[in-house]
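This is what each chain is made of:
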Amino acid sequence: MKRLIFAANWKMHLGPQAGREFLKAFLRRYRPRPDREVWFFPSAVALEAIADGVRDRREVRVGAQNVHWEPKGAFTGELSIAMAQEAGAQLALVGHSERRHVFGETDEETGRKARALLAADVTPLFCVGETIQQRDAGDTLSVIERQLAALNGLVAAQLHEVSIAYEPVWAIGTGRTATPADAAEVHQHIRRWLVERGVGTRDARILYGGSVKPDNVHDLVAEPEIDGVLVGGASLDPASWTAIVHTPID
Ligand code: PEP
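Residues numbered from 1 in each chain as written. Predicted model: local features only at pLDDT ≥ 70, side-chain atom pairs only at ≥ 80, totals over all residues. Heavy atoms only, no water.

(A) Inspection of the side chain of Thr-123 at higher detail. Summarising the element assignment, Thr-123 is placed in strand E5 (residues 123-128). The class for Thr-123 is buried, based on a relative accessible area of 10%. For Thr-123, the residues in contact, after removing those within four places along its chain, are Arg-61, Gln-90, Leu-91, Ala-92, Glu-161 and Ser-163. (Helix = DSSP H or I, 4+ residues; strand = E, 2+ residues; numbered from the N terminus. Buried < 20%, exposed > 50% of the residue type's maximum accessible area, 1.4 Å probe, protein only. Contact = heavy atoms within 4.5 Å.)

Pasting the structure below:
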């Protein structure tokens, strides 16, 4: 059975109080299903509140939006993996396009973060994606490969623990969504990359992200190559998030 992942990236929205209110509204509507997991990536200050709110639900997991690879030190403004875990994080985003493009995160840094997370038993959700210029130049697959190369050197058992999110930069927060066929082509390429390194075809978890909404999520998750979705804007409203999580699949 395909177990779909519905992941909410709250970006710099919803502090602890607003996060708790969101969760209350969501859990009132939410009907768990054995073929789905729900992941939340709240702000760092709301991590603990959200993790506490879903502690008794095994299919709901919580993660940090960003972590530092060093265990501690003079890194003002950063969050260590141990701190995130203490707050309840079991997952962490790595290399989200806003980290790469707004904050200048490099491929080398994404690799360090992924390695440090795996060493701490925290699941990285490793994000890759091309800009519109790169797509128009026909460079999509080579860009994705370059980003994935940050994971080179990990053994199959470690890669097995990494989830990947394909998020074309031109689709994030823009209202433009990749078609299921566009996404499938890139997902196939990512899956092949993982399989060549020893991950089982069916074990690879590859999510799509970029302007996913209640009205387009069905066609995306119906595509066999898509193992779930990473959602920004539409995850901030309990009604639209619940509609996404409850998407009927034929
Ligand atoms: C994201 O932040 O990962 C994202 C996909 O955002 P949006 O759904 O708003 O495009």
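(B) Fine view of the sheet that holds strand E6 (residues 163-166). If you trace the eight strands once around the closed barrel, you get E1-E2-E3-E4-E5-E6-E7-E8, paired in parallel fashion. Between one strand axis and the next, the sheet turns by 25° as a mean value, whatever way the strands run. One ladder, built from two bridges, connects strand E3 (residues 60-64) with strand E4 (residues 91-94); its direction is parallel. Bridge pairing links Gly-63 to Leu-91 in E4. Here helix H9 (residues 180-196) sits on the sheet and contacts E5, E6 and strand E7 (206-209); the angle it forms with E7, its principal contact strand, is near 150°. (Pairing = 2+ DSSP bridges. Axes fitted to C-alpha atoms, helices over the stretch in contact; angles between N-to-C directions.)

(C) Broad picture of the site of the ligand. Taken together, 14 residues are adjacent to the ligand, and Lys-11, Glu-167, Gly-173, Ser-211 and Gly-232 come closest. Within the side chain of Lys-11, a nitrogen or oxygen atom sits 2.8 Å from an oxygen atom of the ligand. Between Gly-233 and the ligand, the recorded distance is 2.8 Å, taken from a backbone N or O atom to an oxygen atom. For the ligand, the protein covers 97% of the area, taking 290 Å² as the surface of the free molecule. Of the residues contributing to the shell around the ligand, the split by class is four nonpolar, eight polar and two charged. (Near = heavy atom within 4 Å. Polar contact = N/O pair within 3.5 Å; in protein donor to acceptor, adjacent residues only side chain to side chain. Areas by Shrake-Rupley, 256 points an atom, 1.4 Å probe, with all protein chains shown as cover. Nonpolar A, V, L, I, M, F, W, Y, C, P; charged D, E, K, R; others polar.)

(D) Structural detail: the nonpolar core. With 65 residues, the main nonpolar core has Phe-40, Leu-151, Ile-164, Ile-190 and Trp-241 as its most contacted residues. With five residues, the top contributor of residues to this core is H9. Apart from the residues within four sequence positions on either side, Ile-164 is in contact with Leu-125, Phe-126, Val-128, Leu-148, Leu-151, Ile-190, Leu-194, Arg-205, Ile-206 and Leu-207. Formed by 11 residues, the second largest nonpolar core is a distinct cluster that contains Ala-7, Trp-39, Phe-41 and Leu-91. (Core = buried A, V, L, I, M, F, W, Y, C linked by side-chain atoms within 4.5 Å.)

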